[in-house]
Each structure stands twice: as C-alpha cells, then as structure tokens.
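# Descriptive structure summary
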Amino acid sequence: MSKPANEPRAFAEGSLADFASAGSAPVAAANQRLLRVDGDRGLSLTEKFSAGLRHLTYRTPLHRMRLRGRYPLRLLAVPADPIAGNAAIGERILGGQLPHAGHSPATATLDFDDRSAPQAWRDWAQGFGWLRDLAAAAPRAQGAKVAEPLVARWLAAHADFDAAGWRADLLGLRLLFWSAYAPYILSSADHVYRSAVLNAMARWARHLDRAAQKLPDGIGRIQALAGLVAAGLLIPGGESRLARGEAALADAIDAVLLADGGIVTRAPRDQLALLELLLLVEAVYRARELQLPVGIGAGVARLVPALKGVTMGDGLPGAWHGSAGIDAARLARAISLGGAGVRPARHGAQSGYHRMAAGKTIVVADAGPPPVARVAPGAHAGTLAFEMSDGTQRLVVNCGGTTGLARPLSPELVAGLRTTAAHSTLVLDDINSTRIRPDFALGRGVEEVVANRQESEEGIWLDLSHDGYVRRHGVLHRRRLFLSPDGLDLRGEDVLEPVAGRRLRSGSIAVRFHLGVGVEPVPTADGLGALLRLPDGKVWQFRGRGGTLSVEASLWIDPDGRPRATQQLVIGAPADAEIAWSFKRAGK
C-alpha cells in the first residue's frame, strides 16, 4: 500500500508510480509520443548527384551570363546588427590574427581556402561573421584598415563560382554581414574597390535566386534565403527577388522550426544561431522601415520560450546533441531581443525537452528521440538523460558538447562525448542506446520515446520510456522522475521492462550521474549514498537503492572547449534490477 503523497519520505519504501497515483488530481497533464522517422538515412545518392550537377552548371559561361546585370551604386540602407560581437576576438583580429576553432592564421598572409584549417574556421572566415567581433573592438576607421584588405583578398580569389567560396549558405551570411558592416568594408575612397564589392553582392543575389531554393531543408537553406531577402531589401531593383525570397524563407523556417519552438537538430546552439539570424533579418526590415513578415516574426516568437526552457540556472543550456561554446551573455541578449518577458517552455510536445523547475532547482530531461542523421550528423546518443542545477551551480550534467568550441577536441574525445555513457542516464552492457555508425552519424536505436507528465501542488512527475534497446535486447528503458514543490527533493527510478513476447537476457546496467565542476562527492558509510558539496557551500544528499554505488572519474567540456576533470556517481546492477535514487538538499 502506498504512502500519502504529502509524505515525501514514502519514496524510501514505495515506488514513484505509487507516489504519483496518490494525493490530489493533477492540475496539469501532458502525454506525448515522439517518433524518429528515417532516423539513420542521410542524403540520398540522387540528392548528392543533383548537387554535384548543379555545381558543374554554375561553372559554365551560361551561368556567368545570368549573373550579369546593373551595377548598384550604393546600398539602400545599412542595418544595425542587434547582436554584439566578441571584443576579445576583435582585439586579436586587430593584432593581425583571425582566430577560430583553434586556428589563428595571420591576416597579412591569409588564405581563405586553406585546406589544412578546420572546416569550422573556413566556414566562419568565409561567412565574414568575424566582422561582428571586429566592430566590437574597433571604431569604423580603425576596423576598416583591417577589414577592407581582407575583403579585397577574398574578391581576388573568388571572382567566379567555386564550390567553397560560393556555397549558398555562406553567400547568404556574407550578404548579411557585408550589409550590416558596410561602413567597415566600404569606407575606402578607391571607387574601383567599392564597385567590386557592390557588384559582387549583386552577383551573389542573382546566384542565390537560383541556388537557395534547391538546397535541402536545414539551417543552411535558411541562411541562404535570409541573404537573398536582405539583398532584395538593400540592393536596388530587388523587388521581385524579395517577394520570392520571403515566401521561400517562411517555408524554410517552418521546415526546420517545430511548433513548440524546438528545432529539428534538437541542438540549443542551432536554436540560438537561428534566433540571431532572424533578429538580423528583422534589423534589415527595420532599416528600410518596412513591416516584418509574419513568418519571420512568428519564428522568433516560437524560439524564445523553447530556448529559455532548456536553459539552466547559470544561464546556459545543457550539452544537448553537441551544443557547446555558447556565451551566456550573448544568449541572454538574443532572448531579451526576442521577448524578455516570455516564460520558459515547460514541455516540448514536438522537441521532447521537459523542464522541471521549483525553488532554485531546475531539471531538464531529454524525452525525445535523437534527430535524424540527414539534419544532425553529430547528434548524441543520450536519450532520457537529464541535467540539474541549484541556482547557478550545475549539480548533474552530461559530459559536454562537441561543436562551436574555441579549440578543437581530439577525434577520440568527440566520439566519447557522443556515447550514452557520457550522459546522465542508464546504459545497458556499455552499449549506446542509439548506434553511432562508422561515418559518425547516428544509426538505428531509439525510434520512439513516450513521455507522460503530471503537475499538481504535490510536485511534478515525469514517466518516460525509450525503445533503444528493444531491437537488440527486447527491453524498454523506463525512467520516472519526481521534483517536489520546493525543489529540494528530486527522485528517480530506472528499470528495463521486457516488451511483449521477449525475455530479459542476462546483462548489466549502469545508471550514471555526471557531476558538475567543483561538486565533491563523499560516500556515506553504508555505501548507499554520498554527500555532494557544491562550490558555494550547499550540500545535497544522494541515495541509491537496487545496486552498488561507486564514484568514478568523469569530465566536462566547458564553454571554452577545455576538458575539466569531474566525478560521477554510478549505480551498477544486473539488468533485471530496479534502481531507485534521490537527490535531497541538506539544510536551507
């Protein structure tokens, strides 16, 4: 018989299922079933062949003729970029370097097509997003002395189409940044240079008019179309181009952005990038004193609560599906511009992230299947993992992201961070819940996640399951979570449940809880728990039941890309065990 729901200590004797079924009826409930369709399918051979054929077409004299037209004499307006750059990076650019992703070539001898440079650096350099950082560190006159020679060098090397420099998504970004930072690249008194810059922008717009809509759905297509729309607004004679671009951009946003504000890649970093992109497009309309199209404004409105929903107490999102290298101040700025008073989303009916917040405690759980391989080749196999913070301190984390870092990680570390064991969840026989293929994309595994959520004055309950181990082992992973109304008590249960007609074979499980940086675990004398001392002096008590508790080494990748040594709590048990655990704050 279960204990009354108003007695939290009942968890020690009963289950969360009993606990949730007792007490008052929920004041809010949500049930969802999310499927991963064509999850391990990348771009088809037909799509790859078509892209290669288009590239050949773009190199022909006929395409070069299509790019001809009237030379613009000026831009119709200069939008004000609402996103501030990184002044520290700008100072290094002023000092003669172009640093990104661990690569810092000298600007005096810069080669934009350097094949020895990381792909992330080449994309960043050729997209000219670094103009934002330069502007944060230098006024126009000083910054132009650095920017204009680099623009001239790029133009000299990429006058005609080439697959890297004229990649449609990079052209779109380059049009946006060259427009927003026109004072930094068009201050020269050299009329030949100025004409070359404006003519190049006009030619890119004509190219994007043909190339942007042929891209597959994704962030890259949105970037290309955003540049096309900006060109239609800022380059004289672009009215028809603007109309086509606006319609296509709205469709592209809907193809990537889910109804609840989540994104198909399921990576918060991509959500932030899309939000900043749309805010920059909004600035272009503002510069022309024109009304923002409904599709763009609606995209911003959907993104903000979803981003806030996955943000922890320190102002940063968890390391979901590779997200890393996010600056908290920049994230806060983008959210403020998009809608400062908007409340965080509590549960994503489409995105799959659930937020449990009470008192100063925030818990975010990944209750959705991994994204499909064609849109997110670097996704992680961490279904049903959670992160937890107490105020600004991370208490439970996943080991970290792999993209957007200031310095590259080793291939071995990148591979390790994507595994199920690098996440705070259950692992069966050290096997990933979703397979990581030799080409590094996620293969088969989790195809369905079911989440039931209940909220009442008694607390918040989540009942989650995924089928990642059904095909290979015939079992579902079921995880139940409960957070008390004051946020001082988080409880959980993890169990493998055989599906109909299957039997649970022998094996072992490990339920892992990776601890935040600076959290010191001290095992209790009975071997069933640990006291967790936070850097700010707060203490949480961890208790486990159903297996053997151990403390093991772990690591966490900080926003600067540095591996930080941490520890993890691991409950090991036979595969048929039922694991129960709890985190309780000690004292006030």
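Above: the structure in question.
Residues numbered from 1 in each chain as written. Predicted model: local features only at pLDDT ≥ 70, side-chain atom pairs only at ≥ 80, totals over all residues. Heavy atoms only, no water.

### Re the environment of Gln454
- Its location among the elements puts Gln454 in strand E7 (residues 448-456).
- Along the primary structure Gln454 and Asn31 are separated by 423 residues, whereas in three dimensions their C-alpha atoms are 8.7 Å apart. (Helix = DSSP H or I, 4+ residues; strand = E, 2+ residues; numbered from the N terminus.)

### Looking at the packing of aromatic side chains
- All told, the structure shown has 17 aromatic pairs when counted by the stated rule.
- Each ring, one from Trp581 and one from Phe583, has its centre 5.9 Å from the other, and the planes form 75 degrees; the classification is edge-to-face. No difference in accessibility class separates Trp581 from Phe583, as the two residues are buried.
- Directly above the aromatic system of Trp204 lies the positively charged group of Arg174, at a separation of 5.0 Å from the ring centroid.
- Across from the ring centre of Tyr353, 4.4 Å away, lies the NZ or CZ of Arg266, which sits over that ring. (Phe/Tyr/Trp six-rings, centres within 6.5 Å; stacked < 30°, edge-to-face > 60°. Buried < 20%, exposed > 50% of the residue type's maximum accessible area, 1.4 Å probe, protein only. Lys NZ or Arg CZ within 6 Å of the ring centre and 35° of its normal.)

### Some details on the side chain of Asn199
- As for its position among the elements, Asn199 is in helix H10 (residues 191-211).
- Since its relative accessible area comes to 16%, Asn199 is described here as buried.
- What Asn199 contacts, discounting residues up to four positions off in sequence, is Tyr71 and Pro72. (Contact = heavy atoms within 4.5 Å.)

### A word on the nonpolar core
- Residues Trp130, Leu131, Trp178, Ile185, Val197 and Trp204 are the most contacted members of the largest nonpolar core, which totals 87 residues.
- Among all residues touching Trp204, those that are not within four sequence positions of it are Trp154, Leu155, Trp166, Leu171, Arg174, Leu175 and Trp178.
- Of all hydrophobic cores here, the second largest spans 44 residues; its members include Leu384, Leu496, Ile509 and Val511. (Core = buried A, V, L, I, M, F, W, Y, C linked by side-chain atoms within 4.5 Å.)

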